[in-house]
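# Structure assessment
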Amino acid sequence: MKSAKEFIKKTKMIKRGDVIGVGVSGGEDSMALLNFLVENAEDYDIEVVAIHVDHGIRENSYEDADFVKQKAKELGIRFYKFRIDAPKLAKERNISLETAARDARYGVFSTLLKKGVVDKIALAHHTKDQAETILMHIFRGSGVAGAKGMEAIRDGVYIRPFLTTSKEQIKEYLIEKQIDNVEDYSNADNSYNRNYVRNVLMPEILKRWPNAVNAISAFSQAITEDDEYINSLIHSDAIMVHDKEVKIPTSYFLYANSIVSRIIFKAVKRIGIMQDIERKHIEAIKELALNGQNGARIYLPFEAIAIREYDYLTIYNRHEEEEVLNQPFKCGEFEVEGFGKVIVKRVKNFEPKENVLYLDYRLVPKTAVWRFREDGDVFTKFGGGTKKLKSFLIDKKVPVRLRNSIPVLAEGNEVYAIAGLEISDKVKVGDVPTAFMIEVQRNK
């Protein structure tokens, strides 16, 4: 496996002391990778851990898990098994079984990484996998990002040591080392896109163009080099990141298409969308940014939404369930997801501060509570003049999607304070010794 060793050295994907979790299905590629890393663990000064994810697609899938568990025991390494219900997830989210399985699998990997069980996840993709992936991306219309194929190192934690190793080399290694493996019969089901490309298209392509895998790989490398150069031209202020959202000034959508598309790809990647953004999504986002009305939106893969908000195009992950807020008005604090922390306390100093409001608590009805806005809410702005709360928020240029997540202090439809924004003229502080301070600490 000389090619793998050279690739690891070139990319520096492995560091001494790493705990590397190998995604092991039990098939040829993952068993070869597992044994290769264990065999070289002492040289690399690493610990190797086997991770098996049962997707719940086949009735006898437990047999694969048992096989991997036994091999891990023979190799003297730790073994972790997880079972997920990919068919159920696919149905609930209305996505393909392939996508559901991949999402759930990476969810498992992400959890192990976040908990510090492993430092990196090693995946067994090889040169033929790379060629198949590039073709699939092109067929789906993903553009340059897809034509680049899979990265050797993704996010600093997902590594692919075999990405420059051929399938033939892997088979030779399996025979040489007498490594057992199991075959998932679902790999023959050509209703899956990956299997169709692998079992139907690639054999026909290779009959006519035997060097196709290497040619596709060279094409991918050329695309990657060009892409890196164009990306270097993107200004750092083109994307503003906040919590689970990214903002792009609409002025940037006037740049050349090659720049705009890369800004969008960078933006969606920052909120965790690594795949399934296609050319059609890019064009739809550009159209929304340039010609959409304020508040107009489009829905993207992975529960994401792009929305035009005044002079910005915002992309964010939407929550499946709406948060409910019903907090009594008293001294203390409470947290609102996606907004921040609201702190209420009694003070004598009314010095103006950013994100701080003062009100005369004696003028607030005892039955008033903190909640989110409702239809029919009205607000008497500071200095006088009552208007609908919706109209007031529009005047303040509060984005549509954020209006329902701002805590308001209200009794009935009368709003007395809008956290972090303004208090009603009806509860303004007069000649009083103490008042309530309402401070908002925004989420970072």
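Residues numbered from 1 in each chain as written. Predicted model: local features only at pLDDT ≥ 70, side-chain atom pairs only at ≥ 80, totals over all residues. Heavy atoms only, no water.

It is worth spelling out the sheet that holds strand β13 (residues 332-336) at this point. Two strands in a sheet stick together by hydrogen bonds in their backbones, pointing the same way (parallel) or opposite ways (antiparallel). The four strands lie next to each other as β13-β14-β22-β15, forming an open sheet whose pairing is antiparallel. Every other strand in the sheet has two partners, leaving β13 and β15 (356-359) as the edge strands with one partner each. When the angles between neighbouring strand axes are averaged without regard to direction, this sheet yields 20 degrees. (Pairing = 2+ DSSP bridges. Helix = DSSP H or I, 4+ residues; strand = E, 2+ residues; numbered from the N terminus. Axes fitted to C-alpha atoms, helices over the stretch in contact; angles between N-to-C directions.)

Structurally, the position occupied by D227 is in helix α11 (residues 212-231). Under the relative-accessibility criterion, D227 is labelled buried at 6%. What D227 contacts, discounting residues up to four positions off in sequence, is V144, K148 and R262. (Buried < 20%, exposed > 50% of the residue type's maximum accessible area, 1.4 Å probe, protein only. Contact = heavy atoms within 4.5 Å.)

Time to look at the nonpolar core. Within the largest apolar cluster, 34 residues are counted, with the highest numbers of intra-cluster contacts made by I14, V22, F36, L37 and V48. Sorting the residues of this core by element identifies α1 (2-11), β1 (19-23), α2 (28-39), α3 (41-44), β2 (47-54), α4 (62-75) and α9 (167-177) as the ones contributing at least two each. For this core, the element with the highest residue contribution is α2, accounting for six residues. The residues contacting V22, other than those within four sequence positions of it, are S30, L33, L34, L37, V48, V49, A50, I51 and A122. Grouped together as the second largest cluster of nonpolar side chains are 32 residues, F329, I418, A419 and V440 included. (Core = buried A, V, L, I, M, F, W, Y, C linked by side-chain atoms within 4.5 Å.)

Once that is clear, we can look at the packing of aromatic side chains. Tallied over the entire structure, the rule returns 11 aromatic pairs. Both rings, one in F36 and one in Y173, keep their centres 6.5 Å apart while their planes meet at 75 degrees; by these two values the pair is edge-to-face. Placement of F36 in helix α2 and of Y173 in helix α9 is noted, with a sequence separation of 137 residues between them. Of the residues examined, F36 reaches a relative accessible area of 1% and is grouped as buried. Residue class for Y173 comes out buried when judged on its relative accessible area of 5%. A centroid spacing of 4.8 Å and a plane angle of 50 degrees characterise the contact between F379 and F392, whose relative ring orientation is tilted. Pair noted here: F379 is in strand β17 (residues 378-380) and F392 is in helix α14 (residues 389-395), with a separation of 13 residues, a long-range link. For F392, a relative accessible area of 3% translates into the label buried. (Phe/Tyr/Trp six-rings, centres within 6.5 Å; stacked < 30°, edge-to-face > 60°.)

On to the pattern of salt bridges. Per the counting criterion, the structure on display carries 31 salt bridges. Put simply, E132 and R198 hold a salt bridge, and the shortest N to O gap is 3.1 Å. With a gap of 66 residues between them, E132 in helix α7 (residues 127-140) and R198 in helix α10 (residues 193-208) connect regions that are remote in the sequence. A relative accessible area of 26% means that R198 is categorised as partly exposed. The partner of K207 in a salt bridge is E204, and the shortest N-O contact between them spans 3.3 Å. Of this pair, K207 and E204 both sit in helix α10, three residues apart, which is roughly one turn of that helix. (Salt bridge = Lys/Arg side-chain N within 4 Å of Asp/Glu carboxyl O.)

Attention shifts here to the sheet that holds strand β9 (residues 297-300). A sheet is described by the order of its strands in space; here five strands give the open sequence β7-β8-β11-β10-β9, paired in antiparallel fashion. Sheet topology places β7 (240-242) and β9 at the edges, where each strand pairs with a single neighbour. In this sheet, adjacent strand axes meet at a mean angle of 20 degrees when their direction is disregarded. Where β7 lies against strand β8 (residues 245-249), three bridges are found, and the strand directions are antiparallel. Across the sheet, residue V241 finds its bridge partner in β8, namely V246. Of the strands in this sheet, β7, β8 and β11 (312-317) touch helix α12 (residues 257-270), which is tilted by about 160 degrees from β8. Packed onto the sheet, helix α13 (residues 279-291) meets β9, β10 (304-309) and β11 and runs at close to 20 degrees relative to β10.

Take the pairing of β1 next. Put simply, side chains in a regular strand alternate between the two faces of the sheet. Where burial is concerned, most of β1 is hidden: five out of the five residues are buried. Side chains of β1 alternate between two faces, with V19, G21 and G23 and I20 and V22 buried alike. Bridge count between β1 and β2: five bridges; the pairing is parallel. Paired with V19 across the two strands is E47, which belongs to β2. Pairing analysis gives three bridges linking β1 to strand β4 (residues 120-122), with the strands arranged parallel. Bridged to I20 within β4 is K120.

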